[in-house]
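Here is what each chain is made of, one letter per residue.
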Amino acid sequence: MSISTLGLSVCGIFLTSSSSVYSQNSNEVVSFRSYNYSDRYIRHRNFLGYLEPISDELGRKDATYKIIPGLANSKCSSFESVNFPGHFLRHENLQIKLSRRINQQLFREDATFCIKTRLFGDNPHNWSLESLNLPGHYIRHKNFELWIEAADGSDLFRQDATFTITNPLYK
């Protein structure tokens with residue numbers, strides 16, 4: 001579900017612009033399926049982010065996250081691993097990693113993403129995940145590794161940075 005807002009969140013400051021953001025349920029548990037590789041999901045493996053097909057129980061656990069209010073901004077979200085509680089997806093040197101939560105402002109900002117209207121397609125269940133502390137940078141896959149990069153406007157980027165929020169693969 002989405003709600004329409006009259007603002008674009010940029011580090012907690014609202015600018016005049018029209019945007020939609022994902023309306024989450026408290027502690028919602030989900031998986032993220034790729035738009036352009038619909039058989040692949042966001043998962044962590046060896047504490048790095050990947051886009052992979054999921055075929056076993058460990059993969060289902062690795063591809064399931066609890067969406068919580070953002071650690072650095074409650075208007076956005078953070079993604080906590082269900083099989084490594086207290087560990088969150090974050091970006092570090094632009095790469096998506098799974099890291100244990102630490103009490104540090106940079107960690108909180110790196111682990112906070114704003115779930116925005118999809119960059120590609122017209123499916124209302126598709127979303128894009130924008131970095132809180134690097135506005136205009138989105139989680140995307142490249143060679144099935146997960147990175148954050150600045151949107152370049154290309155169809156390939158927009159497809160690589162669009163995901164469907166699905167029922168959790170692991171319950």
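Structure: above.
Bear in mind the structure is a predicted one, so any value in this text is a computation, not a measurement.

**Things to note about the packing of aromatic side chains**
For the structure on display, the rule yields 6 aromatic pairs. Residues Phe-32 and Phe-79 carry aromatic rings whose centres are separated by 5.1 Å and whose planes lie at 65 degrees to one another, so their mutual orientation is edge-to-face. Within this pair, whereas Phe-32 is found in strand S5 (residues 28-34), its partner Phe-79 is found in strand S9 (residues 77-81), the two being separated by 47 residues in sequence. By relative accessible area, Phe-79 is classed as buried at 0%. Grouping aromatic residues by their ring pairs yields a cluster made of Phe-32, Tyr-65, Phe-79 and Phe-113.

**What about the side chain of Arg-108?**
Structurally, Arg-108 is set in helix H2 (residues 105-110). Although Arg-108 is buried, it forms no salt bridge, and the closest oppositely charged side chain is Glu-109 at an N-O distance of 7.4 Å. Separated by 2.7 Å, the side chains of Arg-108 and Asn-103 make a polar contact. Discounting chain neighbours no more than four positions away, the residues touching Arg-108 are Leu-71, Ala-72 and Asn-103.

**Some remarks on the pairing of strand S6 (residues 40-45)**
In the case of a regular strand, side chains alternate between the two sheet surfaces. Judged by how many residues are buried, S6 sits mostly within the fold: 5 of 6 residues are covered. Two elements, S6 and strand S7 (residues 48-53), share 6 bridges in a ladder whose sense is antiparallel. Paired with Arg-40 across the bridge in S7 is Pro-53. Between S6 and the antiparallel strand that follows it, S7, lie 2 residues; Asn-46 among them carries a positive phi value of about 55 degrees.

**Details of the nonpolar core**
Phe-32, Ile-42, Phe-79, Leu-129 and Ile-139 are the most contacted members of the largest nonpolar core, which totals 19 residues. Elements with a minimum of two residues in this core: S5, strand S8 (65-69), strand S11 (95-100), strand S12 (113-117), strand S13 (126-131), strand S15 (145-150) and strand S16 (163-166). Those residues within four positions of Leu-129 in sequence are excluded, and the remaining contacts are Phe-32, Ile-42, Phe-79, Phe-113, Cys-114, Ile-115, His-137, Tyr-138, Ile-139, Ala-161 and Phe-163. Membership of the second largest hydrophobic core comes to 5 residues, among which are Ile-68, Leu-71, Phe-88 and Phe-107.

Basis of the calculations
- Residues numbered from 1 in each chain as written.
- Predicted model: local features only at pLDDT ≥ 70, side-chain atom pairs only at ≥ 80, totals over all residues.
- Heavy atoms only, no water.
- Phe/Tyr/Trp six-rings, centres within 6.5 Å; stacked < 30°, edge-to-face > 60°.
- Helix = DSSP H or I, 4+ residues; strand = E, 2+ residues; numbered from the N terminus.
- Buried < 20%, exposed > 50% of the residue type's maximum accessible area, 1.4 Å probe, protein only.
- Lys, Arg positive; Asp, Glu negative; His and termini not counted.
- Salt bridge = Lys/Arg side-chain N within 4 Å of Asp/Glu carboxyl O.
- Polar contact = N/O pair within 3.5 Å; in protein donor to acceptor, adjacent residues only side chain to side chain.
- Contact = heavy atoms within 4.5 Å.
- Pairing = 2+ DSSP bridges.
- Core = buried A, V, L, I, M, F, W, Y, C linked by side-chain atoms within 4.5 Å.

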